[in-house]
Amino acid sequence: MAGDDFSPQRQPKPGTALWRNVRLATLAEGSGLGIVDDGALLAKDGRIAYAGPASGLPADLPSNIEINDGHGRWLLPSFIDCHTHLVYGGNRAMEFEMRLAGATYEEIARAGGGIVSSVKATNALTVDQLVQQALPRLDTLIAEGVSTVEIKSGYALSIEGEMNMLRAARRLAGIRPVRVLTTWLAAHATPADYKGRNDDYITDIVIPGLRAAHAKGLVDAVDGFCEGIAFSPQQIARVFDEAKRLGLPVKLHAEQLSDLKGAKLAASYGALSADHLEYLADEDAAALAAAGTVAVLLPGAFYTLREKQLPPVKALREAGASIALATDSNPGTSPLTSLLLTMNMGATLFGLTVEECLAGVTREAAKALGLQAETGTLEVGKAADFTLWNIESPAELVYRIGFNPLAQRVWNGRITSATTGASA
C-alpha cells in the first residue's frame, strides 16, 4: 500500500514547536471567531500547550524548540468533515448525464443506475481496492486542511460487504495523517432480495452485522436513513435500540425528503446528530437543541438534487441548536469533496453567516462526532491539528469559489504535505 503508516500509535511523539507571528481564529465556544491579532500557538507532544496573544507565551520555553514564523497568516483549527460516504466502488456519472437529459428516477433505476449501481460496484471490490478508490477523495479533503473525517458504510448491504467498507475506512487512517471515525449505515437501503421486506432485512442483516462489526472494533457510531423510500421511524428505533445495548452513539439521516419526525426520534435517543433536515418542522428544532443533537446541514445534496425546500435555519438558531456543515460526499447525490465549497454553499444557499460556516466545519462538526473535547477549536489540551491560510480575513474561506489558499497543514503537531498529507 502506498504511503507511510501514520497510525498515531506507530508514530514517534512530536516535540515542542511554536508558531508565532500569526493571527488566530480559535473558534472557542462563546467567543465568536475568537480572533487574536498578534497570536502564537505552542504545541507539545501533539497537543496544544498554548494558544493566545504572543505576549502571554510561557517564559520558560525549551532551548531546542522548533520555531515556525507564520508571516502574519491566519491560523485556524483544522477542518472536520462530519458526514461522508467516502468508501465505495465506481461512480454514477452515467445517471447524472441521464438526469440532465430528462430521465426520471425510475428510468435511471431500470438502466441499472441508482444505489443498485453503487452496491454492485462496491461489492465487486476487495478492501485494498476500496482503499485505492477512496484515497483520491480523501487526499482532496486533506489538501483543504481537513484533519478528521467520518466515513459511513451503506453501499454493500450485506454483513461482510458492510464490514469491508469499514475495514477500508480504518485502513485509510493508517496510511494518511487523518483521524477517521466509522459509522455503521447498513440501514441505508434495502437490497433487491429483500424488496418489500425491510423488517426482515433489519433482522437478518442490519442488527447481526452491527454486532459482528462492533465485535471486530470496526464501528464508532450507528446511522440510518429514515425516509419514505428507506426506513420508518419504528424500524430505525430497532437499530438504535441495538446500538444503545452495545454502547454506541447514534445519528440519523432525517427529514431530507419529508417530515417523518426522524429528527425527534434521533433526539429522543440523544443522537450525536440529525443530518439533512430540509423538511424539519420549526417546532422540532427545540428537541434537537434540548438533546444536544447537532443539526448537520448538507448543501451538496441540496444542490445536486436541485431541491427547493430549505432547512429551517432561523428556527434552529432561535432554538439554540448547534449547526454543522459537511460534504455528504457520495457517488449519487453529493459527489463533493470540498469543505471550502461546502461553506460557500452553506452561506449562499442556506443563508448561514461566515461564523456559522467556519464553526460548522470545526467546533460544531467536532460535536457532531462526539469529539468536542479532542478537536475543533484552538484550546489548551486539544490535539494540535490546525491550518495556516494565505488570506486577509477568515471570511475569504467562505467567500471564494474553487480556490484553495492553504499554506500549511499541521496534524498531531507535525507539518504535513498539502497533497497526500505526508510529513513535510
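All figures in this text were calculated on a predicted structure; none of them were measured in a lab. Here the residue index of a chain counts from 1 through its sequence in written order. Where totals are concerned, whole chains, interfaces and linings use all residues; where local detail is concerned, this predicted model gives features only for residues with pLDDT of at least 70, and gives and counts side-chain atom pairs only at 80 or more. As a rule here, side-chain values come from all non-hydrogen atoms in the structure, and water together with hydrogens is ignored.

Strands are runs of DSSP state E lasting at least two residues, helices are runs of H or I lasting at least four, and both sets are numbered from the N terminus onward. Here Thr26 shows up in the loop between strand S1 (16-25) and strand S2 (35-44). We call a residue buried when its accessible area falls under 20% of the maximum for its residue type, exposed when it is over 50%, and partly exposed in between, using a 1.4 Å probe and counting protein chains only. In this structure Thr26 comes out as buried when scored by relative accessible area, which is 9%. Sequence spacing of Thr26 and Trp74 is 48 residues, and the spatial spacing of their C-alpha atoms is 10 Å. Leaving out residues up to four positions away in the same chain, Thr26 has contacts with Ser31, Leu33, Gly34, Pro77, Thr377 and Leu378. By definition in these notes, contact holds between two residues if any of their heavy atoms fall within 4.5 Å.

A word on the side chain of His83. Mapped onto the fold, His83 is located in the loop between strand S6 (79-81) and helix H1 (93-100). In protein, a polar contact means a hydrogen-donor-capable atom and an acceptor-capable atom, both N or O and within 3.5 Å, with residues adjacent in sequence counting only if both atoms are side-chain atoms; elsewhere, any N or O pair within 3.5 Å suffices. Within the structure, His83 has its side chain in polar contact with the side chain of His253 (distance 3.3 Å). Among the polar contacts made by the side chain of His83, one reaches the side chain of Asp275 at a distance of 2.7 Å. Once you skip the residues sitting within four places of it in the chain, His83 turns out to touch Glu150, Lys152, His253, Asp275, Val296, Leu298, Ala326, Thr327, Asp328 and Ser329.

For an α-helix the count is 3.6 residues per turn, leaving residues at separations of three or four pointing the same way. What a helix should span is 1.5 Å times the count of its residues minus one. Taking 1.5 Å of rise per residue, the 14 residues of helix H7 (residues 233-246) would be expected to cover 20 Å, and the 20 Å separating its terminal C-alpha atoms lies within 8% of that figure. Within the sequence span of H7, burial applies to Pro233, Gln235, Ile236, Ala237, Val239, Phe240, Glu242, Ala243 and Leu246. In this fold, the buried residues of H7 make contact with strand S8 (179-187), helix H6 (198-215), strand S9 (221-226), strand S10 (251-254) and helix H8 (262-268).

For two strands to be treated as a pair, DSSP must find no fewer than two bridges joining them. The strand order across the open sheet built from 8 strands is S6-S7-S8-S9-S10-S11-S12-S13, with neighbouring strands paired in parallel fashion. For this open sheet the edge positions go to S6 and strand S13 (323-325), each flanked by a neighbour on one side alone. Between one strand axis and the next, the sheet turns by 25 degrees as a mean value, whatever way the strands run. The sheet contact formed by strand S11 (residues 273-276) and strand S12 (residues 294-297) spans 3 bridges and is parallel. Bridge pairing links Asp275 to Val296 in S12. A fitted line through C-alpha atoms serves as each axis, taken over the contacting stretch for helices, and the angle formed by two N-to-C directions is quoted from 0 to 180°. Relative to the sheet, helix H5 (residues 159-175) contacts strand S7 (146-152) and S8, its axis offset from that of S8 by approximately 170 degrees. On the sheet, helix H12 (residues 339-350) packs against S6, S7, S12 and S13 and is oriented at approximately 80 degrees with respect to S6.

A separate point is unusual backbone geometry. Residues other than glycine seldom take positive phi values, yet Asn21 does so here, at roughly 55 degrees. In this fold, Asn21 is placed in strand S1. At Asn412, a position not held by glycine, the phi torsion is positive, near 55 degrees.

This part covers the side chain of Glu396. You can see Glu396 is positioned in helix H15 (residues 395-399). When its relative accessible area of 14% is taken as the criterion, Glu396 is described as buried. Setting aside residues no more than four positions away along its own chain, Glu396 makes contact with Asn390 and Ile391.

Where burial is concerned, the two faces of strand S14 (residues 386-389) agree: the one with Phe386 and Leu388 and the one with Thr387 and Trp389 are both buried. Note: strand S5 (residues 74-77) against S14, 4 bridges, orientation antiparallel. Counted as the bridge partner of Leu76 is Thr387 from S14. As paired strands, S14 and strand S15 (residues 406-411) are joined by 4 bridges and run antiparallel to one another. Residue pairing across strands places Phe386 opposite Val410, the latter belonging to S15.

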